[in-house]
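# Per-entry structural report
In case you want the letters, here they are:
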Amino acid sequence: MKKSILVLTAVVAMVFFGCKESPYINQPGDNSFNYDSIPSIADPDPTPDPEGVVIPEGTINVNEAVKIGKKLPASNKDNKYPSEKVYYIKGWVDHFDAKERAKEDFEEKFAQYGNDYIYLKARNDGRGAKEFYCYRVLGRAGAKLPSHDVLQIGDFVVVKCNILNFGGTTIENGGTCSIEVSNNVAYNEAFPIPDTIHATCAEAAAAALALPGNNTPSKDIYIVEGYVQSAGYSATVSSGQQIFWVDDTPNGTKKFEAYYCNVPNGEAVPVGAKVRLTGVIMKYNTTPEMKNGDVEILEAPQE
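Residues numbered from 1 in each chain as written. Predicted model: local features only at pLDDT ≥ 70, side-chain atom pairs only at ≥ 80, totals over all residues. Heavy atoms only, no water.

Our focus in this paragraph is the packing of aromatic side chains. In the structure shown here, the tally under the stated rule is 8 aromatic pairs. Consider the rings of Trp-92 and Phe-156, whose centres lie 5.1 Å apart with planes at 65°: the pair is edge-to-face. On the criterion of sequence distance, the pair formed by Trp-92 in strand β2 (residues 87-96) and Phe-156 in strand β5 (residues 156-166) is long-range, its members being 64 residues apart. For Phe-156, a relative accessible area of 1% translates into the label buried. Arranged with centres 4.5 Å apart and planes meeting at 20°, the rings of Tyr-119 and Tyr-133 form a pair that is stacked. Taken together, the residues Tyr-119 in strand β3 (residues 116-121) and Tyr-133 in strand β4 (residues 132-137) connect sequence positions 14 residues apart. We classify Tyr-133 as buried; its relative accessible area is 7%. Taken together, Phe-106, Phe-110, Tyr-117, Tyr-119, Tyr-133 and Tyr-135 form an aromatic cluster joined through their ring pairs. One cation-aromatic arrangement involves Arg-101 over Phe-96; the distance from NZ or CZ to the ring centre is 3.7 Å. (Phe/Tyr/Trp six-rings, centres within 6.5 Å; stacked < 30°, edge-to-face > 60°. Helix = DSSP H or I, 4+ residues; strand = E, 2+ residues; numbered from the N terminus. Buried < 20%, exposed > 50% of the residue type's maximum accessible area, 1.4 Å probe, protein only. Lys NZ or Arg CZ within 6 Å of the ring centre and 35° of its normal.)

Laid out in C-alpha cells, this is it:
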C-alpha cells in the first residue's frame, strides 16, 4: 500500500510540475533565447506531405517558419517588421481563429473580402507546440475564397507570404497571405491547377489588357522574361517586393509592369538586368502587370 501511495505521489508531481510551461518561452517582446534549443519532444517531426500534391521549390514547413519568425524583431499594430523574403510555407490546418469567427459581421466580411483566419501546424494530429497564424488568408494568387467548403480543418496547404513576429508571441503572415496549394477537393475545383504560359513582355501585356475584368488575375500562370527598364523604375524594396517595368530589349519602354513582385533576397534588381517573372497577370485600368509574382535574375546588366 505504501508503494502505491509513493507511485501516486510521483504521478501527481509530474502533472503539476513536469508539464508547467517554461516562463522563458514566448514571453512578449523577449526574442533573446535560442529557440532552436527547445527540446524536440515539443516539436515532433512534420507529418509527411500527402501524395500527389506538387510542392513549390524552396517550401519550408511550419516549424521552420516559426524559427525564422522568432528571430525577427517583435512587431505591433503601429510598427511592423516583416521578413524581407517571401516564403512558401506548408502545413496542416489545425484550427480556425474562434475569436474572429465569433464576430457578428464575420460572414458579411467573408462574403465581401473572401478571407479567413487559420492556424497551421506541421503535423495533422495536433501534436507540436509551434503554430503559424494565417491572418486574412486568401485563395490562389490573392483571389477571394468563394465558400467555407474550400478551407477545412485537416487540409494540407501551402501558403505564400512574408513572416511576421507579432508581439513576440504570435508568428504570422506579414501582408497578403494566399493559399497556393491545397489537397482540398473543393478548393481545387474552385481554383483549378493553372496552365503555365511562356510569354514575351509584349505578349504578356497584350494578354493582360485582353482580360475581361479590371484588377482580376488570370487563371493561368505566366512566365515572362525581359529586361528591367529605367523608366518607371523604383529601387525601393518593401517587404521583399519591388516595382519596375520590363521590355523585350534592354533599351525599351514601359511595356509590362512588375508590380510589388518578390525579389531575390529582398534586394532591388538593377536596371538593365534580364529577369524572369512568374505569376498571374492582370490589368489595372490600362496598365498590364504581374502583381506579387516571383522574380529571378537571369543576367546581370550589360556594361
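Let's shift gears to the pattern of salt bridges. Across all of its chains, the model carries 8 salt bridges by this definition. Its salt-bridge partner being Asp-294, residue Lys-160 comes within 3.3 Å of it at the nearest N-O pair. Highlighted residues: Lys-160 in strand β5 and Asp-294 in strand β14 (residues 294-299), separated in sequence by 134 residues. Classification of Asp-294 as partly exposed rests on a relative accessible area of 24%. One salt-bridge network, in which partners are shared between bridges, spans Glu-225, Arg-276 and Glu-296. (Salt bridge = Lys/Arg side-chain N within 4 Å of Asp/Glu carboxyl O.)

To continue, consider the confidence of the model for the protein chain. When pLDDT is averaged along the protein chain, the result is 87, and 86% of the positions lie at 70 or above. Within the model, pLDDT remains below 50 along residues 1-40, and this stretch shows 28 contacts once partners closer than five positions in the same chain are excluded. (pLDDT = per-residue confidence, 0-100. Contact = heavy atoms within 4.5 Å.)

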